[in-house]
Each structure stands twice: as C-alpha cells, then as structure tokens.
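Spelled out from the first residue to the last, the chains are:
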Amino acid sequence: MRIDLHTHTTASDGMLDAPALVAAAAAAGVGLLAVADHDSTDAVDDAIATGRRLGVEVWPAVELSCDVDAGEVHMLGYCLDHHLDWLQTLLGRLREGRVSRAERMVARLADLGAPIEFSRVEALAAGGAIGRPHVARALVEAGWVKDPAEAFDRFIGRGGPAYVERVKVTPTEAVAVIRAAGGLAVFAHPGWAGRDDWIIDLVPAGLDGVEAYYPDHGPEAIEHYVALARAHGLLVTGGTDFHGGALATRVPVGSQYVPEEIVAPLRERAATRRPSRVPPPLVLAVE
Ligand SMILES: [Zn+2]
Ligand SMILES: [Zn+2]
C-alpha cells in the first residue's frame, strides 16, 4: 500500500479538486491519503466521501504557513477536528490575509509596469486559498513572464519588488492551534529551511513530528530527519506535496516512498488527542 500524507487540492493552490485528487491517488495505489491544503480544510469532507467509494482512507489535514525571522516554516496538522468553529474562523482570517496580500501584490505589479487583473488571479484560484502561484500564472497569461519560475525570480519571490508579507501565525502558535484542534503538529519539508534548531526549539511547544520522507530530501536527508526524530521523541511522516501540474515538487501523487510502519504511531498518538472548544491565545503577525 502506498501512503501520501501531503497533497493539495483546488481548496488551496492545487490543480485537482478533491474527487479528482482522490481518484488519482487510488489509481496510483495509494491506500492512505492526507489532504493538507494551505489554510483550508474545505476539500476534506469531499475527499473522505470519495475515498470511501474508492477504497482510500483519507485523513483530514491542513498546512499552515508560519512566520519566522529568516524565512517561512510550514506546519502540517493531521487528524484534527476540522469542523471546529474557532478553527474555521482562524483559517478564514488567514485566507483573507492571503486575499489582501494578493491584491497588494497586484497593485505593486501595476506600479512596476506589469499590470494584471486581480479578478483573473481570483479566477485562477477557483474559490480556493489565493497564493503566489495564482499571481504567477496570471503574469504568465498576461505575457509579462515566460513561466511561473520567472514570475517568482523577477517579481514575487521573497524579497522581490512585488513581494508582500501576509498575516501569519508563528510556528509555536501553529503547533498550539493544531493540538487544540485535536491534531498532530508536524514540521513540513524540514530540508527547505535546513534549520534543525527550529525543529528542536518546537519540541517543548508540543511538536509531534517531522516530514522526513519528501521528494526534495535525498536519502541522506531522510536518514538525518528520521534520526533527529528518534533523538527527540518525534514521529515521522511523508508525502509528495502533490499540487498537480507543474507546481511545487512536480512529482505524481503517491510517488514518494513512505514506510507503512510510520502509520501506527501516528494513529496511536492522534487517538490520545481531544479537540478543545476554545482556540489557544494567538498574536497574528501582520506585515
Ligand atoms: Zn509547504
Ligand atoms: Zn504543501
């Protein structure tokens, strides 16, 4: 059985909607799938329902973007109670932050002589969480750049002339949010940041795991993160970060090797969590 605990749908910046994603996963032999959209769980119920028909177990999940001084950290939340009112309110605020951020990037692009229509960016997001990939695609369509990579290089990459910061939670807050929602908090693709100290610092805050098995991690990185997890009592997860098409890791759903033995410890720990009726205290960073 293949396992893929990191996938995206049109509820954020993926190219496939939930039924299409689950169908693709089933066709690839995935038996356990987690749908982890950015700041949204809107695709989860649909994915679970499709999974029941196609014989794919689907875990509710989410991927939160967190602000750190020297970059961005993504925190995955697994097996959380995604119907909690306070969680949905928070996710809505984070998504609104994305919209106003995208609007401000569009305004800066106009100032820079590369105007695009915000309505087109929204349309490309198809009702999901608006992200920089949608701005990049609008720039390609408008002919200002040849591909999304150039859009990031020239305009909207971090530190670029049209880059805008947005409302975010800190990594510690993200861990608290996910645990209060009854879920497991997992440090996503740690190889991107390459900062083991950021992982270790979150252990006292309640971090549950690290995403060791990931397409951008070579065999040595995987070994390193599995060992780091063992040394700090963390669980390990893995997945493709599948977005469909040419976004993110660009590998097919289910194509990342994830050993089956990681699943039981995740299930056991998730079974001990109880969702809280109230959110943890948060200071949402703006700009
Ligand atoms: Zn990520
Ligand atoms: Zn992701």
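Rules behind the numbers
Residues numbered from 1 in each chain as written. Chains lettered and ligands numbered in written order. Predicted model: local features only at pLDDT ≥ 70, side-chain atom pairs only at ≥ 80, totals over all residues. Heavy atoms only, no water. Axes fitted to C-alpha atoms, helices over the stretch in contact; angles between N-to-C directions. Helix = DSSP H or I, 4+ residues; strand = E, 2+ residues; numbered from the N terminus. Parallel < 35°, antiparallel > 145°, perpendicular 65-115°, else oblique. Contact = heavy atoms within 4.5 Å. Nonpolar A, V, L, I, M, F, W, Y, C, P; charged D, E, K, R; others polar. Phe/Tyr/Trp six-rings, centres within 6.5 Å; stacked < 30°, edge-to-face > 60°. Buried < 20%, exposed > 50% of the residue type's maximum accessible area, 1.4 Å probe, protein only. Donors = N, O, S within 2.8 Å, 3.2 Å for Na, K, Ca; no water. Tetrahedral: all angles 85-135°; square planar, octahedral: opposite > 155°, others 65-115°. 1 Å grid on protein atoms, 1.4 Å probe; cavity = no way out; pocket = protein on both sides within 12 Å on 5 of 7 lines; lining within 4 Å. Points joined across faces, edges and corners; volume = space filled by probe spheres on them.

1. Some thoughts on the packing of helix H5 (residues 132-141) against helix H6 (residues 148-156)
Packed helices, taken two at a time, are described by their axes: the angle between them and the distance between them. The N-to-C vectors of H5 and H6 enclose an angle of 105°; their axes lie 9 Å apart at closest approach. In this view, H5 runs roughly perpendicular relative to H6, as classed from their interaxial angle. Only Pro148, Ala151, Phe152, Phe155 and Ile156 of H6 make contact with H5, whose side of the interface consists of Arg132, Pro133, Val135, Ala136, Leu139 and Val140. Per-class residue counts for the contact of H5 with H6 are 10 nonpolar, no polar and one charged.

2. Some words on the packing of aromatic side chains
Across all of its chains, the model carries three aromatic pairs by this definition. Each ring, one from Trp59 and one from Tyr78, has its centre 6.4 Å from the other, and the planes form 65°; the classification is edge-to-face. Separated by 19 residues along the polypeptide, Trp59 in strand S3 (residues 57-68) and Tyr78 in strand S4 (residues 71-78) bring together distant segments of the chain. Accessibility assignment for this pair places Trp59 and Tyr78 in one class, buried. With a centroid separation of 6.0 Å and an interplanar angle of 85°, the aromatic rings of Tyr213 and Tyr257 are classed as edge-to-face. In this pair, Tyr213 sits in strand S6 (residues 209-213) while Tyr257 sits in the loop between strand S7 (235-238) and helix H11 (263-271), placing the two residues 44 residues apart along the sequence. For Tyr213, a relative accessible area of 12% translates into the label buried.

3. Brief notes about the coordination of the zinc ion (ligand 2)
The protein atoms that coordinate the zinc ion (ligand 2) are His6 (NE2), His8 (NE2), Glu63 (OE) and Asp241 (OD), at distances spanning 2.1 to 2.2 Å. Bound by four donor atoms, the zinc ion (ligand 2) shows angles of 80 to 175° at the metal and therefore irregular coordination geometry. The sequence pattern formed by the donor residues of the zinc ion (ligand 2) is H-x1-H-x54-E-x177-D.

4. Details of the layout of surface pockets
Considered as a void within the structure, the largest pocket measures approximately 820 Å³ in volume. Contributing to the lining of the largest pocket are 33 residues, with His74, Arg132, Pro133, Phe152 and Trp192 lying nearest its centre. Elements that contribute at least two residues to the lining of the largest pocket include exactly S3, S4, helix H3 (85-111), H5, H6 and helix H8 (190-193). When its residues are assigned to classes, the lining of the largest pocket shows 13 nonpolar, nine polar and 11 charged.

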